[in-house]
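# Survey of secondary and tertiary structure
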Amino acid sequence: RGPRSSAVVDLRPPPPSPPPDQANTVNELHVRYPSISKSILESRLRFFEELGIPRQEAAKGFMGRPRVLLKTSDELLVANCNLFKRFKFPDLEVGKLAFKFPTMFTQTTASAQTRLLVLKDIGLSHSEVTKLINKFPRVLEYPLDTVRTRVSWLQSIGFSKKEAAQYLLRYPTILSLSLENRIKPRYAAIQEVVPANQLLERVKSKSTWLAMTDEKFEITLAAE
């Protein structure tokens, strides 16, 4: 007899292969992103499944978006998702936000937290921050000064801090408009035709004065 082998034989069964549809999903993503290993692709799909995003929907999201969510480290993605959960976002909403605004989930957690805290600092509660982001997710992409300067301007014309925050919550599109080229000039035009004792309430109750076209704004002013 020859010498007995000391090698340990692994009698455990091999890990089960993923179902064909799951394997196909990973293969399709790998064709799109060949530099990313299949194991990472599989791991990221499972991550979003745990947040409530169906596998095929997550794969479609990866196909249609920059691969930033695939190249981000698991640690950073988990940390940022947990941050949003602390702001009372349900898991499913966190997953959807990640696909809509991937840069929010791939920046440093400190930066993401600062953005969320600024929304609280202007006077919004946890639940109102959640409501605002669900209503107008782009608020997460605006420079912090954009939020602060709009709120400061509203306070400068007579809004209280809470009223300014609530106005932003009701009419978040104010963030997408130029303060110097749209908001201030239109306010000045309204000042010329609306009595001073009615001006603040008029601004508080309506946002169409900001959103309407220049032509319609002129017609509206003429009717005052």
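Residues numbered from 1 in each chain as written. Predicted model: local features only at pLDDT ≥ 70, side-chain atom pairs only at ≥ 80, totals over all residues. Heavy atoms only, no water.

When helices and strands are tallied, the protein chain shows 15 helices and zero strands. Of all intrachain contacts in the protein chain linking residues separated by at least 6 positions in sequence, the fraction that spans at least 24 positions is 71%. With an accessible surface of roughly 12,900 Å², the protein chain has 55% of that area assigned to carbon and sulfur atoms. (Helix = DSSP H or I, 4+ residues; strand = E, 2+ residues; numbered from the N terminus. Contact = heavy atoms within 4.5 Å. Areas by Shrake-Rupley, 256 points an atom, 1.4 Å probe, with all protein chains shown as cover.)

One broad trend across soluble globular proteins is that nonpolar side chains are buried collectively. Within the largest apolar cluster, 69 residues are counted, with the highest numbers of intra-cluster contacts made by Phe48, Phe84, Phe105, Ile133 and Trp209. Not counting chain neighbours up to four residues away, the residues in contact with Phe105 comprise Leu69, Thr72, Leu76, Leu77, Asn80, Cys81, Phe84, Val94, Leu97 and Ala98. (Core = buried A, V, L, I, M, F, W, Y, C linked by side-chain atoms within 4.5 Å. Buried < 20%, exposed > 50% of the residue type's maximum accessible area, 1.4 Å probe, protein only.)

So, about the packing of helix 10 (residues 144-156) against helix 12 (residues 179-193). At a minimum axis distance of 13 Å, the contact between helix 10 and helix 12 shows a crossing angle of 15 degrees. One finds that helix 10 runs roughly parallel with respect to helix 12. In the packing of helix 10 onto helix 12, the handedness of the crossing is right-handed. Counting all contacts with helix 10, which are made through Thr149, Arg150 and Trp153, the residues of helix 12 involved are Leu179, Ile183, Lys184 and Tyr187. Class assignment for the residues of the contact of helix 10 with helix 12 results in four nonpolar, one polar and two charged. (Axes fitted to C-alpha atoms, helices over the stretch in contact; angles between N-to-C directions. Parallel < 35°, antiparallel > 145°, perpendicular 65-115°, else oblique. Left-handed = near helix turned anticlockwise from the far one by under 90°. Nonpolar A, V, L, I, M, F, W, Y, C, P; charged D, E, K, R; others polar.)

Viewed as axis vectors pointing N to C, helix 2 (residues 38-50) and helix 3 (residues 55-64) meet at an angle of 120 degrees, and their least axial separation amounts to 9 Å. For the element pair helix 2 / helix 3, the angle class is oblique. Judged by the sense of rotation from one axis to the other, the crossing of helix 2 with helix 3 is right-handed. Counted together, Glu42, Arg44, Leu45, Phe48 and Glu49 of helix 2 and Arg55, Ala58, Ala59 and Phe62 of helix 3 form the full contact between these two elements. Looking at the contact of helix 2 with helix 3, its residues break down into five nonpolar, no polar and four charged.

Turning next to the pattern of salt bridges. Taken as a whole and assessed by the stated rule, the structure comprises 11 salt bridges. The salt bridge involving Asp74 is made with Arg44; its shortest N-O contact spans 2.3 Å. Here Arg44 lies in helix 2 and Asp74 lies in helix 5 (residues 74-86), a separation of 30 residues in the sequence. The closest approach of N and O atoms between Lys162 and Glu128, which form a salt bridge, is 3.4 Å. With a gap of 34 residues between them, Lys162 in helix 11 (residues 161-170) and Glu128 in helix 9 (residues 126-135) connect regions that are remote in the sequence. Assessed through its relative accessible area of 42%, Lys162 is described here as partly exposed. (Salt bridge = Lys/Arg side-chain N within 4 Å of Asp/Glu carboxyl O.)

Attention now goes to the packing of aromatic side chains. In this structure the tally under the stated criterion is 10 aromatic pairs. Residues Phe48 and Phe99 carry aromatic rings whose centres are separated by 4.6 Å and whose planes lie at 40 degrees to one another, so their mutual orientation is tilted. Here Phe99 lies in helix 6 (residues 91-100) and Phe48 lies in helix 2, a separation of 51 residues in the sequence. Each member of the pair, Phe48 as well as Phe99, is classed as buried. With 6.2 Å between their ring centres and 10 degrees between their planes, Phe136 and Tyr142 make a pair best called stacked. Under the relative-accessibility criterion, Phe136 is labelled buried at 12%. (Phe/Tyr/Trp six-rings, centres within 6.5 Å; stacked < 30°, edge-to-face > 60°.)

Now for the confidence of the model for the protein chain. The predicted model of the protein chain has a mean per-residue pLDDT of 83, with 88% of residues at 70 or higher. When pLDDT is averaged over each helix and strand of the protein chain, the minimum, 76, is found for helix 4 (residues 68-71) and the maximum, 94, for helix 10. In the predicted structure, residues 5-9 sits below a pLDDT of 50 and forms zero contacts with residues beyond four places in sequence or in another chain. (pLDDT = per-residue confidence, 0-100.)

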